[in-house]
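# Per-entry structural report
Below, each chain spelled out in residue letters.
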Amino acid sequence: MAATPTSRFRWMRRLRAIWRVIEVMRRLLSLILLLVFVTFLYFLFRGGPPVIVPDQVALVVAPAGRLVEEAKMPTTNLLLTGVGKGNNDVTVMRDLLDTLRYAATDSRIKLIVLRLDALADADMAQLQELASAITLFKQTNKRVIAYSTNYTQAQYYLAVHAD
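Residues numbered from 1 in each chain as written. Predicted model: local features only at pLDDT ≥ 70, side-chain atom pairs only at ≥ 80, totals over all residues. Heavy atoms only, no water.

## Thoughts on the confidence of the model for the protein chain
Predicted coordinates in regions of low pLDDT should not be interpreted in detail. Summarising the model, the protein chain shows a mean pLDDT of 87, and 88% of its residues fall at 70 or more. Mean pLDDT values for the elements of the protein chain range from 61 in helix α2 (residues 76-81) up to 95 in strand β4 (residues 109-115). (pLDDT = per-residue confidence, 0-100. Helix = DSSP H or I, 4+ residues; strand = E, 2+ residues; numbered from the N terminus.)

## A look at helix α3 (residues 93-105)
Taking 1.5 Å of rise per residue, the 13 residues of α3 would be expected to cover 18 Å, and the 19 Å separating its terminal C-alpha atoms lies within 8% of that figure. Where α3 is concerned, the buried positions are Met93, Leu96, Leu97, Leu100, Ala103 and Ala104. Taken down its axis, α3 places every buried residue within 130° of arc, on the same side. For α3, the exposed residues lying more than 90 degrees away from the buried face are Tyr102 and Thr105. (Expected span 1.5 Å × (residues − 1). Buried < 20%, exposed > 50% of the residue type's maximum accessible area, 1.4 Å probe, protein only. Arc of directions from axis to C-beta.)

## A short note on the side chain of Ser148
Within the secondary structure, Ser148 is located in the loop between β6 (143-147) and α5 (153-160). When its relative accessible area of 10% is taken as the criterion, Ser148 is described as buried. Polar side-chain contacts of Ser148 include one of 2.7 Å to the side chain of Asp117. A polar side-chain atom of Ser148 sits 2.9 Å from the main-chain carbonyl oxygen of Asn150. Ser148 has contacts with Leu116, Asp117 and Gln155, leaving out every residue within four places of it along the chain. (Polar contact = N/O pair within 3.5 Å; in protein donor to acceptor, adjacent residues only side chain to side chain. Contact = heavy atoms within 4.5 Å.)

## Regarding the packing of helix α4 (residues 124-138) against α5
Contact geometry for α4 and α5: axes closest at 9 Å, N-to-C directions at 20°. Classified by the angle between their axes, α4 and α5 sit roughly parallel to one another. Between α4 and α5 the crossing geometry is right-handed. Touching Met124, Leu127, Gln128, Leu130, Ala131 and Ile134 of α4 are Ala154, Tyr157 and Leu158, all from α5. Here the residues of the contact of α4 with α5 sort into eight nonpolar, one polar and no charged. (Axes fitted to C-alpha atoms, helices over the stretch in contact; angles between N-to-C directions. Parallel < 35°, antiparallel > 145°, perpendicular 65-115°, else oblique. Left-handed = near helix turned anticlockwise from the far one by under 90°. Nonpolar A, V, L, I, M, F, W, Y, C, P; charged D, E, K, R; others polar.)

Quick look at the structure:
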């Protein structure tokens, strides 16, 4: 028995319907995967919970290592050999200066405690720039306290500008 044109037409309609269902499922799966990826990126980059700073607080500034203008990224070769892992001995000057300038305008911060024990090395220009930022902070009628168990010349230079 040969297939009639109407029976072939019915099969074609059924195949098209099946294909449409498959296509809709493919698009829905793509959309779900895109939403999962975007949600993953959101939670990855949103950070932790917000930091709540109470009123009348002291900001502890503890520069460690050398003061540098820009932190250097270790090269791929150093990362692979493990030699570049100890790059935590630097403090970026711009971070310190931005912190001091922001603290001067923040009404919740009443004083700064400079912990200078770990400060290893700094150029005179860097020290002068930090000293002027400390002086600007003090001009807002806020106090600066310097602390160290033993002062090097660089540490002492900064401590002199404290109260």
